[in-house]
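Structural overview for review
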Amino acid sequence: MLKKITFSLCIFLINQTIEHASAHPLPPTFEEKFDEAGYQSVEAAVKEFEQHYSKVKLPTVLPPFSITHKFGRFYKDPLYGMNDSLNILYVHNEMKQHIFKIDIRPIQPKVSFSGKAYTLQDGSQGIYFEHLLFNFFVFEERNLQYLLGIYKDSTNQETPNLFVQIANSIKSNEVATFIYFPSSIQ
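Note that the structure is a prediction, hence the values are computed from the model and not measured.

**Overview of the overall build of the protein**
- Helix and strand counts for the protein stand at four helices and seven strands.
- If you list the helices and strands of the protein from N to C, you get α-α-α-β-β-β-β-β-β-β-α.
- Put simply, the protein has 186 residues, and 42% of those count as buried.
- Restricting the contact set of the protein to residue pairs at least 6 apart, pairs at least 24 apart contribute 60%.
- Carbon and sulfur atoms make up 57% of the accessible area of the protein, which amounts to about 11,100 Å² in all.

Dropping the structure here:
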């Protein structure tokens, strides 16, 4: 009789544990959070964007802070057809301030920005400006407008000069859909 009660109690506790676990699923992983927001691999997002627009040139120079993950998302504006963009994020899964982002959009319709102008190596101009949480740099390359953003607290290097280096690496880069990454990036 005692064995029957012990066995029944064990079955009851196992069922309660399973029910409790299914009622309280584990929170999403770092990668799953980006998946839920519509992000995918950079390569897949670039390929989608290039199917609608021209080839994308990505930087060979990245900010001097550690990055563990890269994600991409192509957004096609179904309503107006004016806000199409390719969003690329470079982030660190533990250091939340390590964020570098690139937004690429067709040059038409053009979005205007105001700020301090910097001359790039090919003689074109880029505009540097600051916002609440990010510093930004915008420039044009081959019918595309690039908006680079670095989280303000992520680097102590002078941000405008860093942006110029990154922009120059895009402008001098051959048309490609790959990026050079340190081996620590997934």
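**Let's talk about the nonpolar core**
- Ranked by internal contacts, the top residues of the largest apolar core, which has 31 residues, are Val56, Phe100, Ile104, Phe137 and Leu148.
- Of all the secondary structure elements, the ones that give two or more residues to this core are α3 (42–52), β2 (85–91), β3 (99–106), β6 (134–141), β7 (144–151) and α4 (159–172).
- With 13 residues, the next largest nonpolar core counts Tyr39, Val91, Ile99 and Phe129 among its residues.

**So, α4**
- Between its first and last C-alpha, α4 extends 20 Å over 14 residues, near the 20 Å set by a 1.5 Å rise per residue.
- For α4, a buried count of eleven out of 14 residues is recorded, marking the element as mostly surrounded by other parts of the structure.
- Of all the positions in α4, only Thr159, Pro160, Leu162, Phe163, Val164, Ile166, Ala167, Asn168, Ser169, Ile170 and Lys171 are classed as buried.

**Digging into a negative patch on the surface**
- Where like charges cluster on the molecular surface, the negative patch consists of Glu31, Glu32, Asp35 and Glu36.
- Structurally, Asp35 can be placed in helix α2 (residues 30–36).

**Describing the sheet that holds strand β5 (residues 125–130)**
- Strand order in the open sheet made by the seven strands is β1-β2-β3-β7-β6-β5-β4, with antiparallel pairing throughout. A strand with exactly one partner marks an edge of an open sheet, and here the two such strands are β1 (69–75) and β4 (116–119). Strand-to-strand, the axes of this sheet are offset by a mean angle of 20 degrees, without reference to chain direction.
- Looking at chain direction, β1 and β2 are connected through seven bridges and run antiparallel. Considered in β2, the bridge of Arg73 is made with Asn87.
- Across the face of the sheet, α3 comes into contact with β1, β2, β3 and β7 while running at roughly 25 degrees to β1.
- The sheet strands contacting α4 are β3, β4, β5, β6 and β7, and the helix crosses β6 at an angle near 30 degrees.

**Notes on α3**
- The set of residues buried in α3 consists of Val42, Ala45, Val46, Phe49 and Glu50. Taken down its axis, α3 places every buried residue within 135 degrees of arc, on the same side. In α3, those exposed residues whose orientation departs by more than 90 degrees from the buried face are Lys47 and Gln51.
- Taken together, the buried residues of α3 touch β1, β2, β3 and β7.

**Comments concerning the packing of aromatic side chains**
- Evaluation of the coordinates by the stated rule reveals 13 aromatic pairs.
- Their ring planes at 80 degrees and their centres at 5.6 Å tell us that Phe134 and Tyr151 sit as a pair that is edge-to-face. In this pair, Phe134 sits in strand β6 while Tyr151 sits in strand β7, placing the two residues 17 residues apart along the sequence.
- These aromatic residues form a ring-pair network of at least three members: Tyr118, Tyr128, Phe137, Phe139, Tyr146 and Phe163.
- Positioned over the ring face of Phe134 is Lys101, at 5.0 Å from the centre of the ring.

Conventions adopted
- Residues numbered from 1 in each chain as written.
- Predicted model: local features only at pLDDT ≥ 70, side-chain atom pairs only at ≥ 80, totals over all residues.
- Heavy atoms only, no water.
- Helix = DSSP H or I, 4+ residues; strand = E, 2+ residues; numbered from the N terminus.
- Buried < 20%, exposed > 50% of the residue type's maximum accessible area, 1.4 Å probe, protein only.
- Contact = heavy atoms within 4.5 Å.
- Areas by Shrake-Rupley, 256 points an atom, 1.4 Å probe, with all protein chains shown as cover.
- Core = buried A, V, L, I, M, F, W, Y, C linked by side-chain atoms within 4.5 Å.
- Expected span 1.5 Å × (residues − 1).
- Patch = residues over 30% accessible without salt bridge, like charges linked within 9 Å, V, L, I, M, F, W, Y side chains within 5 Å.
- Salt bridge = Lys/Arg side-chain N within 4 Å of Asp/Glu carboxyl O.
- Lys, Arg positive; Asp, Glu negative; His and termini not counted.
- Charge placed at Lys NZ, Arg CZ, Asp CG, Glu CD.
- Pairing = 2+ DSSP bridges.
- Axes fitted to C-alpha atoms, helices over the stretch in contact; angles between N-to-C directions.
- Arc of directions from axis to C-beta.
- Phe/Tyr/Trp six-rings, centres within 6.5 Å; stacked < 30°, edge-to-face > 60°.
- Lys NZ or Arg CZ within 6 Å of the ring centre and 35° of its normal.

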